[in-house]
Amino acid sequence: MKSTRLLRRLGTPMPAPANAWQRGNRRTSPQIYPFLFCGHRVATQGLSTDCELKCALAEAIPSQRDRLKSIKTAFGSKSLGEVTVNMALGGMRGVPGLLWETSLLDAEDGIRFRGHTIAELQQKLPKACPSGEPLPEGLLWLFLTGNMPSKEQVVGLSAELRKRADIPPQVFNVLEALPARTHPMTQLSCAIMSMQPDSKFARAYQNGLRKTDYWDPTFEDSLDCIARLPGIAAAIYRRTFRNGSLIKADPVLDWAGNLAHMMGYSDRGVKELMRLYMTIHSDHEGGNVSAHATHLVGSALSDPYLSFAAGLNGLAGPLHGLANQEVLKWLNQVESELGSDVSREDLSRYVSATLKSGRVVPGYGHAVLRKTDPRFTSQREFALKHLPDYPKFKLVSKLFDVVPAVLADTGKVANPWPNVDAHSGVLLQFYGITEQNFYTVLFGVSRAMGVLSQLILSRAMGLPI
Ligand code: NMX
Ligand code: MLT
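Thresholds applied
- Residues numbered from 1 in each chain as written.
- Chains lettered and ligands numbered in written order.
- Predicted model: local features only at pLDDT ≥ 70, side-chain atom pairs only at ≥ 80, totals over all residues.
- Heavy atoms only, no water.
- Salt bridge = Lys/Arg side-chain N within 4 Å of Asp/Glu carboxyl O.
- Helix = DSSP H or I, 4+ residues; strand = E, 2+ residues; numbered from the N terminus.
- Buried < 20%, exposed > 50% of the residue type's maximum accessible area, 1.4 Å probe, protein only.
- Near = heavy atom within 4 Å.
- Polar contact = N/O pair within 3.5 Å; in protein donor to acceptor, adjacent residues only side chain to side chain.
- Areas by Shrake-Rupley, 256 points an atom, 1.4 Å probe, with all protein chains shown as cover.
- Nonpolar A, V, L, I, M, F, W, Y, C, P; charged D, E, K, R; others polar.
- Pairing = 2+ DSSP bridges.
- Axes fitted to C-alpha atoms, helices over the stretch in contact; angles between N-to-C directions.
- Parallel < 35°, antiparallel > 145°, perpendicular 65-115°, else oblique.
- Left-handed = near helix turned anticlockwise from the far one by under 90°.
- Contact = heavy atoms within 4.5 Å.
- Expected span 1.5 Å × (residues − 1).
- Arc of directions from axis to C-beta.
- pLDDT = per-residue confidence, 0-100.
- Core = buried A, V, L, I, M, F, W, Y, C linked by side-chain atoms within 4.5 Å.

1. Quick word on the pattern of salt bridges
- Applying the stated criterion to the full structure yields 21 salt bridges.
- Notably, a salt bridge pairs Asp346 with Arg349, separated by 2.6 Å at the nearest N-O pair. Pair noted here: Asp346 and Arg349 are both in helix α16 (residues 344-356), with a separation of three residues, about one helical turn.
- Taking the relative accessible area as the measure of exposure, Asp346 reaches 32% and is therefore partly exposed.

2. Concerning the site of ligand 1
- The environment of ligand 1 is formed by 21 residues, the closest being His320, Gly363, Tyr364, Ala414 and Asp421.
- Within the side chain of His320, one N or O atom sits 2.7 Å away from an oxygen atom of ligand 1.
- Interatomic distance of 2.8 Å between a backbone N/O atom of Ala414 and an oxygen atom of ligand 1.
- Summarising the interface, the protein chains cover 73% of the accessible area of ligand 1, which totals 880 Å² for the free molecule.
- The residue makeup of the shell around ligand 1, split by class, is 13 nonpolar, five polar and three charged.

3. Some thoughts on the pairing of strand β1 (residues 103-106)
- Bridge count for β1 against strand β2 (residues 110-113) is four bridges, and the pairing is antiparallel. Residue pairing in the sheet places Ser103 in a bridge with Phe113 of β2.

4. Some details on the packing of helix α19 (residues 421-430) against helix α20 (residues 439-460)
- One can describe the packing of α19 onto α20 by two numbers: an axis separation of 11 Å at closest approach and a directional angle of 110°. In terms of axis orientation, α19 runs roughly perpendicular to α20. Every pair of crossing elements has a handedness; the one defined by α19 and α20 is right-handed. On the side of α19, the interface is formed by Asp421, Gly425, Leu428 and Gln429, while α20 contributes Tyr439, Leu442 and Phe443.
- Tallied by class, residues from the contact of α19 with α20 come to four nonpolar, two polar and one charged.

5. Topic: helix α12 (residues 268-280)
- Here α12 spans 19 Å end to end across 13 residues, near enough to the 18 Å set by a 1.5 Å rise per residue.
- For α12, the tally of buried residues reaches twelve of 13 residues, placing the bulk of the element in the interior.
- All of the buried residues in α12 are Gly269, Val270, Lys271, Glu272, Leu273, Met274, Arg275, Leu276, Tyr277, Met278, Thr279 and Ile280.
- With a side-chain oxygen positioned 2.6 Å from the backbone nitrogen of Gly269, the residue opening α12 is Asp267.

6. Here's the deal with helix α6 (residues 151-163)
- Compared with the 18 Å implied by 1.5 Å per residue over 13 residues, the 18 Å span of α6 between its first and last C-alpha is a close match.
- All buried positions along α6 are accounted for by Gln153, Val154, Leu157, Ser158, Glu160 and Leu161. The arc that holds the buried residues of α6, viewed along the axis, is 160°, so those residues lie on one side. Facing away from the buried side of α6 by more than 90 degrees, the exposed set consists of Glu152 and Lys163.
- Where α6 is buried, its residues touch α2 (52-75), α5 (136-145), α10 (215-241) and α11 (255-263).

7. So, the confidence of the model for the protein
- Scored by pLDDT, the protein comes out at a mean of 90, with 90% of its residues at no less than 70.
- Per-residue pLDDT, averaged within each element of the protein, yields its smallest value for helix α1 (residues 20-23) (26) and its largest for helix α14 (residues 304-315) (99).
- Long-range and interchain partners of residues 1-47, a stretch whose pLDDT sits below 50, account for 127 contacts in this model, where long-range means more than four residues apart.

8. Quick look at the side chain of Thr279
- In this fold, Thr279 is placed in helix α12.
- Classification of Thr279 as buried rests on a relative accessible area of 2%.
- If we ignore the near neighbours within four places in the chain, the residues touching Thr279 are Phe113, Leu121, Pro134, Pro136 and Leu139.

9. Remarks on the packing of α12 against helix α17 (residues 374-386)
- Where α12 meets α17, the closest approach of the two axes is 11 Å, and the angle between their N-to-C directions is 170°. Of the possible angle classes, the one that applies to α12 and α17 is roughly antiparallel. Contact residues: Gly269, Glu272, Leu273, Leu276 and Ile280 in α12; Arg375, Ser378, Gln379 and Phe382 in α17.
- The residue makeup of the contact of α12 with α17, split by class, is four nonpolar, three polar and two charged.

10. Some thoughts on unusual backbone geometry
- Phi at Asn243 is positive, roughly 60°, even though this residue is not glycine.
- Position of Asn243 among the secondary structure elements: in the loop between α10 and α11.
- Even without a glycine there, the phi angle at Leu301 is positive, about 65°.
- Mapped onto the fold, Leu301 is located in the loop between α13 (289-298) and α14.

11. Re the nonpolar core
- Within the largest apolar cluster, 113 residues are counted, with the highest numbers of intra-cluster contacts made by Ile192, Met263 and Met274.
- Counting residues per element, this core draws most heavily on α20, at 13 residues.
- Apart from residues no more than four positions distant in its own chain, Met274 is found in contact with Ala256, Leu259, Ala260, Met263, Ile433 and Leu442.

Given below as structure tokens:
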């Protein structure tokens with residue numbers, strides 16, 4: 001096993017019944033899901049649905065439970081390898097220890113979302129514009145069902161999310177109560193926590209919920225949360241950087257397009273960037289801090305708001321999601337000290353000086369990846385298409401030429417190549433979103449899709465604490 005990190009690489013652990021998830025189970029047992037019949041609104045235990053995604057998920061769950069059972073029966077007592085002292089001291093790297101369905105990370109090839117590369121998603125997922133970027137709603141469908149959705153299914157899911165997008169008033173009250181200097185990530189975490197008192201999972205659990213039904217109110221909370229995130233993120237942005245005047249959602253725009261719109265950006269390019277951004281940041285297997293924190297807290301049957309807030313608090317760390325903010329800060333320093341037309345030699349000296357001062361070069365390195373992050377590459381392709389002459393993009397490109405060699409020369413950096421955060425900030429800068437302290441919030445909005453999908457699936461499969 002090429003793995004490098006604990007809690008990784010068990011996404012598709014063994015030959016499960018071929019394509020089991022994709023096959024689904026067209027004969028959903030009414031004993032198990034008495035309240036789920038597509039096209040009808042049927043209520044049970046206060047829960048109801050006419051949501052097509054929920055129906056598709058409900059159909060897929062029985063075969064997934066069977067698959068897990070057969071894996072346990074066939075392979076339950078097999079060893080997954082040895083654990084060395086170094087693996088324990090190294091933060092449990094290389095120890096496979098977690099089932100993660102939504103994505104799988106390969107050290108060389110990077111992320112696969114339900115088996116699909118980013119380029120495949122760009123090709124196969126429905127889009128808002130011809131030959132544009134994928135609609136992230138489609139990825140949410142793929143995460144939860146294992147199937148590539150049709151355009152109609154994605155349009156339906158966009159509408160479902162708009163229907164659920166109203167933000168409860170207490171969110172604004174909590175945001176208002178925070179000092180204006182509060183970091184946007186802290187604001188986001190507090191906003192998520194403020195919705196917890198209305199958790200459908202927490203209420204249903206208190207009313208006596210059967211284990212086989214845990215996934216249902218988890219789905220409801222998760223979809224509500226995902227639906228509201230663009231409005232919440234935009235409110236944080238407008239409050240922190242635009243004197244607090246809010247912009248209403250566009251009733252026909254998609255989820256990511258609406259995020260750009262509510263932040264105050266109407267350009268077609270920003271909306272396309274937001275669709276790409278929301279797609280590529282969504283999931284990175286289960287061992288990263290935000291995914292693992294969400295899973296860990298969720299395994300105690302904490303509701304989705306409690307669990308996702310935990311993930312966000314981890315994402316707010318500078319070695320994880322906050323690195324996108326740190327990259328911009330550092331790029332701005334490079335630009336102001338050396339100018340934008342800097343030579344490779346001067347740049348190389350600057351990178352060495354950063355290292356000598358005991359700091360990390362933000363946006364480079366990774367706990368698992370050992371090659372350039374394909375999420376960096378997809379953003380680079382976006383830049384080459386939409387902003388090839390932008391000076392900050394040229395600086396990022398020069399750094400891509402220079403930094404790996406300097407990091408490799410230290411002899412200790414396991415991966416000298418750029419990660420997702422090395423590129424995201426300059427794309428936002430180009431479209432006028434210059435407030436770097438907000439960037440991790442965008443990462444967080446996207447990450448909700450992956451980690452909350454996995455939370456729903458974990459409950460559907462009855463994974464333990
Ligand atoms: N700049 C300077 N030193 C580095 C870097 C870097 N970019 N990457 C790794 N190192 C150092 C690391 O600090 C460690 O030093 P020491 O032995 O003195 O403690 C040594 O190299 C070995 O670390 P690795 O095994 O290569 O990396 P590890 O798996 O521990 O950490 C990161 C991975 C991502 C935390 C690390 O590469 C890093 O700090 N990168 C910069 C911050 C960053 O870009 N984070 C974002 C990651 C992606 N995300 O979005 O979450
Ligand atoms: C992520 O997207 O979560 C980061 O690349 C960190 C990781 O995978 O360890």
